[in-house]
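Read off the chains here:
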Amino acid sequence: MNLNRKCVATALSVALLLQLTGCSAFRPFNQTVQIDCAQQDVQLQVNGAPYACPAAVPVQRNRPVDVRASKEGFPAQQRLVKFQISTTGILDLAGGLIILVPAIGLAFPGAFDLDTTSLYFDMRQPAPALAEK
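Now for a look at the structure at hand. (Residues numbered from 1 in each chain as written. Predicted model: local features only at pLDDT ≥ 70, side-chain atom pairs only at ≥ 80, totals over all residues. Heavy atoms only, no water.)

**What about the sheet that holds strand S2 (residues 43-46)?**
In sheet architecture, strand pairing relies on hydrogen bonds along the backbone and comes in two forms, parallel and antiparallel. The four strands are arranged S3-S2-S5-S6 in an open sheet whose pairing can be described as antiparallel. The outermost strands of the open sheet, each flanked by one partner alone, are strand S3 (49-52) and strand S6 (77-81). Across this sheet, the average inter-strand angle for adjacent strands is 25°, counted without regard to direction. Sheet analysis places S2 next to S3, joined by four bridges and oriented antiparallel. (Pairing = 2+ DSSP bridges. Helix = DSSP H or I, 4+ residues; strand = E, 2+ residues; numbered from the N terminus. Axes fitted to C-alpha atoms, helices over the stretch in contact; angles between N-to-C directions.)

**Some thoughts on the state of the cysteines**
Among covalent bonds in proteins, the disulfide is the one between the sulfur atoms of two cysteines. Taken as a whole and judged by the stated rule, the model has one disulfide. Sulfur-sulfur distance for the disulfide between Cys37 and Cys53 comes to 2.0 Å. Across the S-S bond linking Cys37 and Cys53, the dihedral sits near 105°, which makes this disulfide right-handed. Residue Cys37 is located in strand S1 (residues 30-37), and its partner Cys53 is located in the loop between S3 and strand S4 (55-60); the two are separated by 16 residues in the primary sequence. Its relative accessible area of 16% is what places Cys53 among the buried residues. (Disulfide = S-S within 2.5 Å. Buried < 20%, exposed > 50% of the residue type's maximum accessible area, 1.4 Å probe, protein only.)

**Things to note about helix H2 (residues 87-98)**
Spanning twelve residues, H2 covers 17 Å between terminal C-alpha atoms, matching the ideal 16 Å at 1.5 Å per step. Considered for burial, the residues of H2 that qualify are Thr88, Gly89, Asp92, Gly95 and Gly96. Along H2, the residues classed as buried sweep out an arc of 125° about the axis, all on the same side. Set apart from the buried face of H2 by more than 90 degrees, the exposed residues are Thr87, Leu91, Leu97 and Ile98. (Expected span 1.5 Å × (residues − 1). Arc of directions from axis to C-beta.)

**Some remarks on unusual backbone geometry**
Cis geometry is adopted by the peptide bond preceding Pro54, which originates at Cys53 and carries an omega value of 0°. Inspection of the secondary structure puts Pro54 in the loop between S3 and S4. Phi is positive for Asp41, which is not a glycine, with a value near 65°. The topology assignment puts Asp41 in the loop between S1 and S2. A residue is classified by how much of its surface remains accessible, and Asp41, at 58% relative accessible area, is exposed.

**Overview of a nonpolar patch on the surface**
On the surface, a nonpolar cluster with roughly 370 Å² of combined accessible area is contributed by Leu97, Ile98 and Ile99. Take Ile99: it is sitting in the loop between H2 and strand S8 (112-114). (Patch = residues over 30% accessible without salt bridge, like charges linked within 9 Å, V, L, I, M, F, W, Y side chains within 5 Å. Areas by Shrake-Rupley, 256 points an atom, 1.4 Å probe, with all protein chains shown as cover. Salt bridge = Lys/Arg side-chain N within 4 Å of Asp/Glu carboxyl O.)

**Quick look at the side chain of Asp66**
Turning to its location among the elements, Asp66 is positioned in strand S5 (residues 65-70). A distance of 3.1 Å separates a polar atom in the side chain of Asp66 from a polar atom in the side chain of Arg68. Dropping the residues within four chain positions of it, Asp66 is found in contact with Gln45, Val46, Asn47, Gln78, Arg79 and Leu80. (Polar contact = N/O pair within 3.5 Å; in protein donor to acceptor, adjacent residues only side chain to side chain. Contact = heavy atoms within 4.5 Å.)

Dropping the structure here:
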């Protein structure tokens, strides 16, 4: 009978601890960046990996995203998407000030969001022609 109470107490303690753990720990680690282009045949590089435009690329929400677009005859374009603390991360921070356990959520990517999840490239400006010698 005493062993039963210990098991129930342990199970309740674990359940309570999971409830108090930061909500950011339960958010998806990745966020999808949608990339569209005005022209066809634009080649993309997202954090060094090649993609064809249009693309929906899952990236970590707690890391900057480097996107480069190129097309022959046009100057390459680059965008850097930064990240910031999310509303869930702020709640974890506030909860961590009252009870230490929710602050654990700040260690997870779910505590952050990308600044933007939609990019558009327009490669209209042709590259300047090199003068022949």
